[in-house]
2 protein chains.
Amino acid sequence: MTKLFVMGMGPGDLGLVAPNATKALDICTDWVAYGYYLELLGELSQGKTFHDLPLGEEIGRARLALTLAAKGKPTALISSGDIGIYAMATLVFELLDQQLQGNENHPEWLDVEIEVIPGISAMQAGASRVGASLGHDFCTVSLSDLLTPWETIDKRIHAAGAGDFVISFYNPVSKKRDWQLNHARDVLLQYRPANTPVMIGRQLTRPDEEITITTLGELDANAVDMFTMVTVGNSESKHIVNKDQHWLYTPRGYSKKL
Amino acid sequence: MTKLFVMGMGPGDLGLVAPNATKALDICTDWVAYGYYLELLGELSQGKTFHDLPLGEEIGRARLALTLAAKGKPTALISSGDIGIYAMATLVFELLDQQLQGNENHPEWLDVEIEVIPGISAMQAGASRVGASLGHDFCTVSLSDLLTPWETIDKRIHAAGAGDFVISFYNPVSKKRDWQLNHARDVLLQYRPANTPVMIGRQLTRPDEEITITTLGELDANAVDMFTMVTVGNSESKHIVNKDQHWLYTPRGYSKKL
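Rules of the game
- Residues numbered from 1 in each chain as written.
- Chains lettered and ligands numbered in written order.
- Predicted model: local features only at pLDDT ≥ 70, side-chain atom pairs only at ≥ 80, totals over all residues.
- Heavy atoms only, no water.
- Contact = heavy atoms within 4.5 Å.
- Buried area = accessible area lost by both parts, 1.4 Å probe.
- Salt bridge = Lys/Arg side-chain N within 4 Å of Asp/Glu carboxyl O.
- Polar contact = N/O pair within 3.5 Å; in protein donor to acceptor, adjacent residues only side chain to side chain.
- Nonpolar A, V, L, I, M, F, W, Y, C, P; charged D, E, K, R; others polar.
- Core = buried A, V, L, I, M, F, W, Y, C linked by side-chain atoms within 4.5 Å.
- Buried < 20%, exposed > 50% of the residue type's maximum accessible area, 1.4 Å probe, protein only.
- Pairing = 2+ DSSP bridges.
- Helix = DSSP H or I, 4+ residues; strand = E, 2+ residues; numbered from the N terminus.
- Axes fitted to C-alpha atoms, helices over the stretch in contact; angles between N-to-C directions.
- Disulfide = S-S within 2.5 Å.
- Domains from an automatic or database assignment.
- Patch = residues over 30% accessible without salt bridge, like charges linked within 9 Å, V, L, I, M, F, W, Y side chains within 5 Å.
- Areas by Shrake-Rupley, 256 points an atom, 1.4 Å probe, with all protein chains shown as cover.
- Least-squares fit on C-alpha atoms with pLDDT ≥ 70 in both.
- Phe/Tyr/Trp six-rings, centres within 6.5 Å; stacked < 30°, edge-to-face > 60°.
- Lys NZ or Arg CZ within 6 Å of the ring centre and 35° of its normal.

## Focus on the interface of chain B and chain A
The extent of an interface is frequently quoted as the accessible surface area lost upon association of the parts. Across the contact, 78 residues belong to chain B and 79 residues belong to chain A. Of all residues in chain B, Leu-147, Arg-156 and Arg-252 of chain B bury the most surface against chain A, accounting for 11% of the area lost on that side. Linking chain B with chain A are eight salt bridges, by the criterion used here. Close ionic contact of Lys-243 of chain A with Asp-111 of chain B constitutes a salt bridge, the shortest N to O distance being 3.1 Å. At the boundary of chain B with chain A, the tally comes to 33 residue pairs in polar contact (both at pLDDT 80 or more). Residue composition of the side of chain B that touches chain A, grouped by class: 40 nonpolar, 23 polar and 15 charged.

## Digging into the nonpolar core
Ranked by internal contacts, the top residues of the largest apolar core, which has 48 residues, are Ile-157 and Phe-169 of chain A together with Ile-157 and Phe-169 of chain B. Setting aside chain neighbours within four positions, we find Phe-169 of chain A in contact with Val-141, Leu-143, Ile-157, Leu-181, Ala-184, Leu-188, Met-229, Val-230 and Val-232 of chain A. Among the nonpolar cores identified, the runner-up in size contains 36 residues, and Ala-21 and Ala-33 of chain A together with Trp-31 and Ile-117 of chain B belong to it.

## Remarks on the sheet that holds strand β2 (residues 30–33) of chain A
In a beta sheet, neighbouring strands are held together by backbone hydrogen bonds and run either parallel or antiparallel to one another. Residue and element names in this part refer to chain A. In spatial order, the strands read β3-β2-β4-β1-β5; together these five strands make up an open sheet with parallel pairing. Only two strands of the sheet have a single partner each, and these edge strands are β3 (49–52) and β5 (113–117). Recorded for the sheet is a direction-independent mean angle of 20° between the axes of neighbouring strands. Lying on the sheet, helix α1 (residues 19–27) is in contact with β1 (3–8), β2, β4 (75–79) and β5; it crosses β1 at an angle near 140°.

## Regarding the state of the cysteines
Applying the stated criterion across every chain, the model contains zero disulfides over all chains. Note on Cys-139 of chain B: no disulfide assigned, nearest cysteine sulfur contributed by Cys-139 of chain A at a separation of 6.4 Å. For Cys-139 of chain B, a relative accessible area of 0% translates into the label buried.

## Considerations on the domain arrangement of chain A
Residues and elements named next belong to chain A. Here the domain parsing of chain A yields domain 1 (3–120) and domain 2 (123–257). The gap between the C-alpha centroids of domain 1 and domain 2 is 28 Å. At the junction of the two partners, domain 1 supplies twelve residues and domain 2 supplies 13 residues. Between domain 1 and domain 2, roughly 880 Å² of surface is buried when both sides are summed, and carbon and sulfur atoms account for 61% of that area. Counting across the interface, domain 1 meets domain 2 through zero salt bridges. Counting across the domain 1 and domain 2 interface gives five residue pairs in polar contact (both at pLDDT 80 or more). Residue composition of the side of domain 1 that touches domain 2, grouped by class: eight nonpolar, three polar and one charged.

## A closer look at a nonpolar patch on the surface
Taken together, the side chains of Leu-55, Met-226 and Phe-227 of chain A make up a nonpolar region of the molecular surface, amounting to roughly 290 Å² of accessible area. Inspection of the secondary structure puts Leu-55 of chain A in the loop between β3 and α3 (58–70).

## Some thoughts on the pattern of salt bridges
One pass over the full model with this rule turns up 26 salt bridges over all chains. Several salt bridges converge on common partners, so that one network encompasses Asp-137, Asp-164 and Arg-192 of chain A together with Arg-156 of chain B.

## Structural notes on the relation of the copies chain B and chain A
Rotating chain B by 180° and moving it 0.0 Å along the rotation axis overlays it on chain A with an RMSD of 0.0 Å. Accordingly, the operation relating the two chain copies is best matched by a two-fold axis. It is Cys-139 of chain B whose C-alpha, among those of chain B, lies nearest the rotation axis, at 1.9 Å. Counting the interface residues of chain B, we find that 100% of their copies in chain A are interface residues as well, pointing to one common contact surface.

## Brief notes about unusual backbone geometry
Residues and elements named next belong to chain B. Look at Tyr-86: it is not a glycine, yet its phi comes out positive at around 50°. A relative accessible area of 11% places Tyr-86 in the buried class. Positive phi is not limited to glycine here, since Gln-203 has a value of about 50°. The topology assignment puts Gln-203 in the loop between β9 (197–202) and β10 (210–215).

## Side note on the packing of aromatic side chains
Tallied over the entire structure, the rule returns eight aromatic pairs over all chains. Consider the rings of Trp-247 of chain A and Phe-93 of chain B, whose centres lie 4.6 Å apart with planes at 45°: the pair is tilted. Of the two residues, Trp-247 of chain A sits in strand β13 (residues 245–249) while Phe-93 of chain B sits in helix α4 (residues 89–100), which places them in two different chains. Comparing Trp-247 of chain A with Phe-93 of chain B shows no difference in burial state: the two are buried. Their ring planes at 20° and their centres at 6.0 Å tell us that Trp-31 of chain B and Phe-50 of chain B sit as a pair that is stacked. Of this pair, Trp-31 of chain B sits in strand β2 (residues 30–33) while Phe-50 of chain B sits in strand β3 (residues 49–52), and the two are 19 residues apart along the sequence. When its relative accessible area of 0% is taken as the criterion, Trp-31 of chain B is described as buried. The aromatic ring of Phe-165 of chain B is capped on one face by Arg-156 of chain A, whose charged end is 5.9 Å from the ring centroid.

## Re the pairing of strand β8 (residues 166–170) of chain B
Residue and element names in this part refer to chain B. Taken across its five residues, β8 has five buried, putting it largely inside the fold. Alternating positions in β8 separate into two faces, Val-166, Ser-168 and Tyr-170 on one and Ile-167 and Phe-169 on the other, with burial throughout. The sheet contact formed by strand β7 (residues 138–142) and β8 spans five bridges and is parallel. Bridge pairing in β8 links Ser-142 to Tyr-170. Here β8 runs beside strand β11 (residues 228–232); their pairing, made up of three bridges, is antiparallel. Note on β11: the bridge partner recorded for Ser-168 is Thr-231.

## What to know about the environment of Asp-111 of chain B
Secondary-structure assignment places Asp-111 of chain B in the loop between α4 and β5 (113–117). In this structure, the C-alpha to C-alpha distance between Asp-111 of chain B and Leu-66 of chain B, residues 45 residues apart in sequence, is 9.6 Å.

## As for the side chain of Glu-104 of chain B
Residues and elements named next belong to chain B. If you trace the backbone, Glu-104 turns up in the loop between α4 and β5. A polar atom in the side chain of Glu-104 sits 2.9 Å from the side chain of Arg-63. Apart from the residues within four sequence positions on either side, Glu-104 is in contact with Arg-63, Leu-95, Gln-98, Gln-99 and Trp-109.

Have a look at this one:
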């Protein structure tokens, strides 16, 4: 019996990787990840066996990680961000559940000890770079309809609007999807003003980071790609400028007491 | 001009503190925090000047941090979790905004260089300890009505229910508040089944951690205190048991492809 570490490596800056994650990487002989993330870990990765499965092979990656660990190899299943947020952790437990129900033929998976190590998610990296965009109740919505019916996503955008939540959109666009983000904008415009501030953060905390603060009315999917996080403020969020430094914050309500 | 670091120290386990945060603590001469968090940082804190303002004096803490930094002292404003999530970061920018508007008399605050360093929030610590409770779209709602009208909170609980979001409740109860969590439970029972799994996580990642997985129908504010995070699954979340190990995961939808 050995251990499977299921871990998120944060947005990119190695200075945001939890020491527990770094320690686990060191213990593990086998690293399973999408290659791009392995590149980010460059200097840490000497002497490790890489299992680099491409985007789209998430199920294969989770199966392989469980199987390697069951064979006695200390294994790390790695994602960027927080592996518990729109990433691979849930798939490990979905596979475990299938095995418990007898729908898989891998009883050895049930002997694997699993430890999940959280990481800094893109919404948090974005919030920190612009100040405090997530300063009050917020939600996350993935705009990818690969696994989730569009009706469910649309319902959630409406609910997020009705609840006046700050919203972070994950998977805002892809090569094949470009209309969902503009649709989401149009839905939210039914609930909050066009001048609501929006953060567009690309390659957050990485060397080629680009951050723009715009408004909900001006938000356009053409300014967004797969490496981008979009956070829409709530009806009270503010964009302020101090000496050329732009900040976006969502007040908690202290101003009544100031 | 010197620097103010606005930083979250994660849920408690020092192995989850970002290296960037540890490095910033080391640079700073002055640490501003609620004393309980300073205790958690014990071994790191030698030779530092503590500014330990009690709970309830959040505004005083943010003012002091800006003022110390403006005086040339490298200063850390510290919270547990992620300082951008229900914590002090937003207050720093609210004060900056007030100064920009001329409602404060501290022009020196505008010269302070501010860097926000994110941390692992309680919802993430909880998710990692039970598996993958945040595996699909989720939201956070603070049940504290000290700064937010109860009508707004109630509206958000309804919206979270209507959107079938996984929900993490921050500030679920306090010494003076005990009915809000049970009210939230009753609202959510209008939208999702009584057997929806719920995580109750107390003192997450700390030596006296206690975690219970229960159901929405059984959730009771009596089992919850100020050191507790409550996460309610969505209508598809599952509680599974493998060899006495309990897990709570929210599927992303891969099962259709398994």
